[in-house]
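# Tertiary structure, described
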Amino acid sequence: MAAGRNPDDVTLVAVTKTRPASDVVALASLGVGDVGENKDQEARAKHAEVGEAGVAPALRWHLVGQLQSNKANSVARYAAAVHSLDRAKLVAALDRGVNRASSARERTASGRLQVFVQVSLDGDPDRGGAVSAEVPALADAVATAAYLDLAGVMAVAPGGWEPERAFAELAAVAAVVRQQHPTATGISAGMSGDLEAAIAAGSTHVRVGSALLGSRPPLLG
Ligand SMILES: *Cc1c(COP(=O)(O)O)cnc(C)c1O
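In what follows, the accompanying structure is described. (Residues numbered from 1 in each chain as written. Predicted model: local features only at pLDDT ≥ 70, side-chain atom pairs only at ≥ 80, totals over all residues. Heavy atoms only, no water.)

### A few points about the pairing of strand β6 (residues 148–154)
For a regular strand, side-chain orientation follows a simple rule: the groups alternate between the two sheet faces. The buried count for β6 comes to six of seven residues, which makes it a mostly enclosed element. Across six bridges, the pairing between strand β5 (residues 113–118) and β6 is parallel. From the neighbouring strand, glutamine 114 faces β6, where its bridge partner is aspartate 149. Where β6 meets strand β7 (residues 186–188), three bridges bridge the pair, whose relative direction is parallel. (Buried < 20%, exposed > 50% of the residue type's maximum accessible area, 1.4 Å probe, protein only. Helix = DSSP H or I, 4+ residues; strand = E, 2+ residues; numbered from the N terminus. Pairing = 2+ DSSP bridges.)

### Description of helix α6 (residues 163–180)
For α6, with 18 residues, the first-to-last C-alpha span of 26 Å sits near the 26 Å given by 1.5 Å per residue. All of the buried residues along α6 are Ala166, Phe167, Leu170, Val173, Ala174 and Val177. Across the axial projection of α6, the buried residues extend over an arc of 115°, all falling on one side. Residues of α6 that are buried make contact with α5 (135–144), β6, β7 and α7 (195–200). (Expected span 1.5 Å × (residues − 1). Arc of directions from axis to C-beta. Contact = heavy atoms within 4.5 Å.)

### A few points about the site of the ligand
Residues in contact with the ligand, as listed here, are Val15, Lys17, Val64, Met191, Ser192, Arg207, Val208, Gly209, Ser210 and Arg216. At 2.5 Å from an oxygen atom of the ligand is found a side-chain nitrogen or oxygen belonging to serine 192. The fraction of the free accessible surface of the ligand (390 Å²) that becomes covered by protein chains is 88%. Its residues assigned to classes, the shell around the ligand shows four nonpolar, three polar and three charged. (Near = heavy atom within 4 Å. Polar contact = N/O pair within 3.5 Å; in protein donor to acceptor, adjacent residues only side chain to side chain. Areas by Shrake-Rupley, 256 points an atom, 1.4 Å probe, with all protein chains shown as cover. Nonpolar A, V, L, I, M, F, W, Y, C, P; charged D, E, K, R; others polar.)

### Observations concerning α5
Among the residues of α5, Val135, Leu138, Ala139 and Val142 are the ones counted as buried. On an axial view of α5, the arc spanned by its buried residues comes to 100°, and they lie on one face. Residues Ala137 and Thr144 are exposed on α5 and point more than 90 degrees away from its buried face.

### Concerning the packing of aromatic side chains
The tally for this structure, following the rule as stated, stands at zero aromatic pairs. Cation over ring: arginine 165 sits above tryptophan 161, and NZ or CZ is 3.5 Å from the ring centre. (Phe/Tyr/Trp six-rings, centres within 6.5 Å; stacked < 30°, edge-to-face > 60°. Lys NZ or Arg CZ within 6 Å of the ring centre and 35° of its normal.)

### Some remarks on the pairing of strand β4 (residues 81–85)
Summarising burial for β4: five of the five residues are buried, a large majority. Here two bridges tie strand β3 (residues 60–63) to β4, and the two strands are oriented parallel to one another. Within β4, the residue paired with leucine 63 across the bridge is valine 82. At this point the chain moves from β3, through helix α3 (residues 72–78), to the parallel β4, and the crossover so formed is right-handed. Where β4 lies against β5, three bridges are found, and the strand directions are parallel. (Right-handed = clockwise from strand over helix to strand, strands pointing away.)

### Description of the packing of helix α1 (residues 21–29) against helix α2 (residues 40–52)
Any two packed helices are characterised by the angle at which their axes cross and by the distance between the axes. The interhelical angle for the contact between α1 and α2, taken along N-to-C directions, is 55°, at an axis separation of 9 Å. With respect to α2, the element α1 is oriented oblique. Two packed elements cross with a definite hand, and for α1 against α2 that hand is right-handed. Counting all contacts with α1, which are made through Ala21, Val24 and Val25, the residues of α2 involved are Lys46, Glu49 and Val50. (Axes fitted to C-alpha atoms, helices over the stretch in contact; angles between N-to-C directions. Parallel < 35°, antiparallel > 145°, perpendicular 65-115°, else oblique. Left-handed = near helix turned anticlockwise from the far one by under 90°.)

### Some remarks on the nonpolar core
Within the largest apolar cluster, 54 residues are counted, with the highest numbers of intra-cluster contacts made by Leu85, Leu94 and Leu148. Once residues within four sequence positions are removed from consideration, leucine 148 is found in contact with Val91, Leu94, Asp95, Val98, Arg112, Leu113, Val115 and Val142. Among the nonpolar cores identified, the runner-up in size contains five residues, and Val10, Leu195, Ile199 and Val206 belong to it. (Core = buried A, V, L, I, M, F, W, Y, C linked by side-chain atoms within 4.5 Å.)

In structure tokens:
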């Protein structure tokens with residue numbers, strides 16, 4: 001790999017938003033083990049459809065988009081990971097959701113939910129994410145929740161920023177979190193347009209849609 005990273009250390013999350021369940025099935029048959037969606041409603045329906053197709057029961061579903069706490073129960077039924085936790089209310093909502101879902105055994109994986117705290121690098125609340133100063137307290141809350149595992153941090157490079165600057169700042173936030181939570185080694189960073197810079201800066205999870213599946217219709221994307 002150009003960045004000198006071991007490919008085994010970087011998980012490809014194939015972002016399948018706006019794509020049909022048949023694309024998820026095709027990716028799974030090619031060996032993709034992780035798929036990402038940005039909306040609960042779409043993800044839930046697709047998860048059910050792929051399940052009915054009877055393929056890839058071990059497929060891990062990642063929720064990568066902004067999440068409202070009233071969707072937490074739903075997400076907890078099918079998601080292996082949430083990349084967009086950005087407020088304390090969501091910690092309690094997801095923890096309760098996983099507790100309920102695990103008794104129904106609808107969840108696969110370990111029964112625990114992997115959670116990345118989303119960082120807003122430019123402080124713009126519209127795209128979601130917590131400002132850096134809020135991240136340690138959110139990380140503590142996730143780590144102490146009964147059914148959640150703190151996976152690490154996530155960010156989307158702000159528009160107009162050099163990706164190198166964005167991912168260096170995210171790596172600094174990740175280092176602060178790891179001081180308190182040494183096992184939270186995940187860095188979810190990098191999309192189709194900036195994944196090389198993210199991998200060079202230490203990303204462990206790249207979220208790639210259009211580079212795998214082609215561009216999405218703009219109104220749906
Ligand atoms: C859509 C999306 C991606 C994938 O974007 P591409 O540019 O298609 O690779 C990654 N992360 C999030 C949060 C997304 O919403």
